[in-house]
Each structure stands twice: as structure tokens, then as C-alpha cells.
Amino acid sequence: MTAFSRRAFTAGALASLLTACGGGPAPEGHASRTPPPPVAAGRRRPLARSVPVRLLIPAIGVDTPVMRLGLAPDGTVEVPPVTADDRAGWYRHSPTPGRTGPSVILGHVTVGRYGDGVFRHLARLRRGDRIVARLENGTAARFAVTAVRTVPKTDFPADDVYGNVDRPELRLITCGGARTGDEYADNVIVFAALSGTGPATPGER
Amino acid sequence: MRRSMRRTVLSVLALAGTAVLMGTGPAFATGATTPSPAPTSAAATPQPQESAAPAPSDGPARPAPSAEPTRTPAEAPTQAPAGDQVSVRPSGAPDTGVTGASSGSGTNGTAIGAGAAAVLALGGGTVFVVRRRRATGA
């Protein structure tokens, strides 16, 4: 081997070392289990019907556009597409935020190779944390978290999530818990009740 | 002289090619896992709003679904149902997470791609320096 090819080989070996050390650790999946202590928030006047266009959760740094979701062909709820610019989605067969009933908004916890999903830290929310849904008509529905639950997917509490309620409420849903193969074992569900309404403030636009 | 130079160039090219192959393997493996999550439950049971179980955050009283057909086009420009409450209940649990398994390999794939690029740059640089030295007779 000549001196030149030795030099080239050394350079290549160095580059290979760089390659091997470049991989960072995968984000850790963690969802806290908070028992649901339902809170009776004050009765608020329901808002006029208008679809949500943006969702803000200051406590966990969420500020996301909201798309519309329907039903998948197999009857399950659609979820937002797995893309780099992950966003939340409002289930369009549920009331719009601020209307009487459980308005349902879904988001990913992780989006595969794109990393964290928009609801990555949903399980960190605590009772009383504020959630704002900005609506298409320029108004905003403000909610306060009443409960955060982590439940096995095999025992999804459909009645609690989709069942009728007599006041405006909000459900935020994502995945959580242990990872089993390509899936998460649990769902993280945030329950919130309307705490205020009005025009969207500049920070909520 | 010329032979050794050719050997240098060839060895650098071979190294770079190997690194690129190493990078693209995991990238393709990641690509195969990208499709959005497949829901697990099968039966499509869209059912109208009739919830017997109490919701967690309120009292037992549930108002019966009102019969008022509130389809007011002026107020609701979207195709969504105009009534309150959930009008079609989805089956199963939402699949809102593509796991970090693919996430992790994606990160590694990116790193490996960057590494391959570094190998190419280093190889190219080496060839350039060797040629310059030979040209100047150093």
C-alpha cells in the first residue's frame, strides 16, 4: 500500500467513525398515569357553531393548525397524516369546540421518522391547564383541563369520550404508554370543560 | 506514480460507495414503514348518539337528543353535522402514534446519510490534495 492510498484509507476510516457516532437516541415514550378527578367547571354559554382552525395549549407549547377528520373505511376515526409538519385534527362528527357536547380533537404523539408529534407531551397536562380552540369565525373557545387519563387501547372508554354531555367539553386524544412493535399500548385522553369564550386575542390568532 | 494515483482514487471511490450503500439501506427500510398507521379494529359500527354510560366529568343527567333539525346553512358552512353531540361514534381506539422504532431508524438513516456525504467530501478532498502535491512535485 502506498503512502497516498494509506492516507485515503485513513480519511475513509475517519468518516466511517463519524457516521457511526452520528445517530441520536430515539425520543422516549412516556405517559404519566393520572387518575381522572372530574372537575365541575362553571356553566358557560355555548358558542355559535364554527369549525376549529387552530389549537393552542400553552402549558406544553402546542400551537397547531387543526384539520378535519372523518371516519376511516373500517369505522375507526381517521387520524392526521404522518408528515413532518404534524398537526391536530378535529373529528367532524363531533360538536365544534364551544358547542354543547364533547368536541374531539386528535393528534399524534410521534410521527415515525419525523420525530415528535404535535401531542407529544399531552400526558404532561394537569388539571386546570388552559386550552384554546380558535374557530373559523374569529372567536375562541377556552377550556380548562378537568382530567388526564392514560387507558389501554384494548379498553378504550368510548362512552366517556364520545358520550353525550350537557355542556361544552373538549377531548384531546393521542397515543401513549409502552410501545409494542409498531404501536403504542395506550391512549392518552385529556378531558376539558369550557371556561370562557370570546373573540380570539392577538396571541390566539 | 500514475498507477498508485489511480489506486488511490479507486480506493477512495470504493470507500465512498460502501458508505453510501450503508446509508441507503436503513433509509429504504424506514421508507417501508412510513405509511400511516393501520387501525386495528375491524367492525364498522357507526351508531347514532345513544350513550347509556355516564361521562366522567358531569352529573348523571343527560339530555335526550333533541329532535330539532338545526340544519341552518347560514350558520354552518361546512359539511359537518349541524346537531350537537357526537353523531357518529367511531369504533375502536384511535391510532395516533407511529412508534419511535421507525423514528429511531429514521434518525440513524439521516445520520448515516450525512456520514456518507462526509466520506465523499473527505475522499474528494484527499484526491484533490494528492493531485496537487504530485503536480507541484512535493
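Residues numbered from 1 in each chain as written. Chains lettered and ligands numbered in written order. Predicted model: local features only at pLDDT ≥ 70, side-chain atom pairs only at ≥ 80, totals over all residues.

Looking at an unreviewed UniProt entry, one finds chain B named Tat pathway signal sequence domain protein and attributed to Streptomyces lomondensis.

Under the annotation held in an unreviewed UniProt entry, chain A carries the name Class F sortase and is attributed to Streptomyces lomondensis.

Along its length, chain A carries two helices and eight strands. Mapped from its N terminus to its C terminus, chain A presents α and β elements in the order α-β-β-β-β-β-β-α-β-β. Out of the 205 residues belonging to chain A, those deemed buried represent 50%. When contacts within chain A are restricted to residue pairs at least 6 apart in sequence, those whose partners lie at least 24 apart make up 65%. (Helix = DSSP H or I, 4+ residues; strand = E, 2+ residues; numbered from the N terminus. Buried ≥ 20, exposed ≤ 12 C-beta atoms within 10 Å, placed from the backbone. Contact = placed C-beta atoms within 7 Å.)

Attention now moves to unusual backbone geometry. If you check the backbone angles, B:Gln85 has positive phi at about 70° while not being a glycine. Topologically, B:Gln85 is positioned in the loop between helix H1 (2-32) and helix H2 (100-136).

Turning next to the pairing of strand E5 (residues 130-135) of chain A. Residue and element names in this part refer to chain A. Counting buried residues in E5 gives five out of six residues, a clear majority hidden from the surface. By the bridge criterion, four bridges tie strand E1 (residues 52-57) to E5 in an arrangement that is antiparallel. When the sheet's bridge partners are listed, leucine 55 is paired in E5 with alanine 133. By the bridge criterion, five bridges tie E5 to strand E6 (residues 139-152) in an arrangement that is antiparallel. (Pairing = 2+ DSSP bridges.)

A word on the nonpolar core. Judged by nonpolar contacts, the single largest core of 49 residues is most densely connected at A:Ile105, A:Leu106, A:Ile131, A:Val190 and A:Ala192. Of all the elements, strand E8 (residues 183-199) of chain A adds the most residues to this core, at eight residues. Apart from residues lying up to four places away in sequence, A:Leu106 is in contact with A:Leu69, A:Val77, A:Val79, A:Ala88, A:Gly89, A:Tyr91, A:Ile173, A:Thr174, B:Pro94 and B:Thr96. (Core = buried A, V, L, I, M, F, W, Y, C linked by C-beta atoms within 7 Å.)

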